[in-house]
Amino acid sequence: MEMHEMDIENGNHEARPLLNPTCTRSVDEESLYLKPQCCRFDRVCLKIVLSFIISVIILPPLMYGAYALLPFDVPVMPDVTTRLVYTLRCGVFASFPIVLGVIIQGISRLCTSYFDPFKPKVREVTIHQRFVKQGTFLFVLYIFNLAVLATYLPQDYLKLIPLLICLFVISQLIYWLSFAVGRPFRSFGYGMTFMPLVCMLACNLFFIFIVDPHKMVFLGKETNSEAKVKSSG
């Protein structure tokens, strides 16, 4: 079966086959050709999963050791307002990797003369740009869940707030440096940030709906009528 085309320059008809037999491959040939790539893909996925599992295993003893061994105490914070202010002030330190990433991104743009957004992207600029974008997204979720968690934690466990902030900074720096090492090691730094975020979200939902559901909205002191209702009940 042939398909006729008009040659624009010579004005002649050319006869070209609609189905080129030289470009066709059998199913067996394609499977043999793709087999090394699939094996390579499996190895990369295995390294990514192992790096993530290692970060999950290391995280609990790391937090417990820091909580038990680091010699510092947090101030007494009896009310919600004081805890929120303390969490937001500690959250300033968590923005250090993101601000540093913005600075390095600007320097890389100057070094590579990457000013036109319509030009092809440079790898050095793309790496820092991706880190800043993902870091900002995780920073918002992390600080928001940490602020909610601070309103429910007892006074003895408020030491976790600065420890979780330090963990976020270290894990983000590891995630950023892993861009130079390779993609399989990137999941280690990402897991060190993502797993505490999931744990904080689970604790917040547990406190909101199970432990203190009546205090989900109202945070003030109990009135005399409410105290009488509880005592009578």
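Structural data are supplied above this passage.
Residues numbered from 1 in each chain as written. Predicted model: local features only at pLDDT ≥ 70, side-chain atom pairs only at ≥ 80, totals over all residues. Heavy atoms only, no water.

1. Considerations on the side chain of serine 55
Where we set the bar: A run of H or I in DSSP becomes a helix once it reaches four residues, and a run of E becomes a strand once it reaches two; helices and strands are each numbered from the N terminus. In protein, a polar contact means a hydrogen-donor-capable atom and an acceptor-capable atom, both N or O and within 3.5 Å, with residues adjacent in sequence counting only if both atoms are side-chain atoms; elsewhere, any N or O pair within 3.5 Å suffices. We call two residues in contact when some of their heavy atoms are within 4.5 Å.
Looking at the element boundaries, serine 55 is found in helix H1 (residues 27-69). Within the structure, the side chain of serine 55 is placed 2.5 Å from the backbone oxygen of phenylalanine 52, a separation counted as a polar contact. The residues touching serine 55, leaving out its near neighbours within four places in the chain, are Ser187, Phe188, Gly191 and Met192.

2. Observations regarding helix H6 (residues 186-211)
Filter applied, for reference: The span one expects for a helix is its residue count, reduced by one, times 1.5 Å. For a residue, the bend is simply the angle between two axes, fitted respectively to the seven-residue segment ending there and the seven-residue segment starting there. Each residue is assigned to one of three classes by its accessible area relative to the maximum for its type, calculated with a 1.4 Å probe on protein chains only: buried under 20%, partly exposed between the two thresholds, exposed over 50%.
Across its 26 residues, H6 extends 37 Å between first and last C-alpha, which sits within 8% of the 38 Å expected from 1.5 Å per residue. The largest bend in H6 comes to about 25°, at methionine 192, with the proline proline 196 one to four residues further on. Along H6, the residues that are buried comprise Arg186, Ser187, Gly189, Gly191, Met192, Thr193, Pro196, Leu197, Met200, Asn204, Phe207 and Ile208.

3. Regarding the packing of helix H3 (residues 96-112) against helix H4 (residues 123-150)
When two helices pack together, their arrangement is given by the angle between their axes and by how far apart the axes lie. Stated precisely, the cut-off is as follows: Every axis corresponds to a line fitted to the C-alpha atoms, with the helix fit spanning only the stretch in contact, and the corresponding angles, defined between N-to-C directions, vary from 0 to 180 degrees. Angles below 35 degrees are treated as roughly parallel, those above 145 as roughly antiparallel, those between 65 and 115 as roughly perpendicular, and all remaining angles as oblique. A clockwise turn of the near helix away from the far one marks a right-handed crossing, whereas an anticlockwise turn of less than a right angle marks a left-handed crossing. Polar here means any residue outside two lists: the nonpolar Ala, Val, Leu, Ile, Met, Phe, Trp, Tyr, Cys and Pro, and the charged Asp, Glu, Lys and Arg; Gly therefore counts as polar.
Across the interface, H3 lies against H4 with an axial gap of 9 Å and an inter-helix angle of 160°. Overall, the two elements H3 and H4 adopt an arrangement that is roughly antiparallel. The way H3 lies across H4 gives a crossing that is left-handed. Listed contacts from H4 to Pro97, Ile98, Gly101, Val102, Ile104, Gln105, Ser108, Arg109 and Thr112 of H3 are Glu124, Val125, His128, Gln129, Phe131, Val132, Gly135, Thr136 and Phe139. When the residues that make up the contact of H3 with H4 are grouped by side-chain class, the tally is eight nonpolar, eight polar and two charged.

4. Topic: the environment of leucine 163
Summarising the element assignment, leucine 163 is placed in helix H5 (residues 160-181). Judged by relative accessible area, leucine 163 falls into the buried class, the value being 7%. Put simply, leucine 163 and alanine 66 are 97 residues apart on the chain and 7.4 Å apart in space, counted from C-alpha to C-alpha. Contact partners of leucine 163, with chain neighbours within four places excluded, come to Met63, Ala66, Tyr67, Leu70 and Phe72.

5. Thoughts on the nonpolar core
Counted only if it meets this: Residues belong to one nonpolar core when they are buried, are Ala, Val, Leu, Ile, Met, Phe, Trp, Tyr or Cys, and are joined through side-chain atoms within 4.5 Å.
In this structure, Tyr142, Leu164 and Leu167 are the most contacted members of the largest nonpolar core, which totals 36 residues. Contributing elements (two or more residues each) for this core: H1, helix H2 (80-94), H4, H5 and H6. No other element matches H4, which puts 10 residues into this core. For tyrosine 142, the residues in contact, after removing those within four places along its chain, are Leu164, Leu167, Phe168, Thr193, Pro196, Leu197 and Met200.

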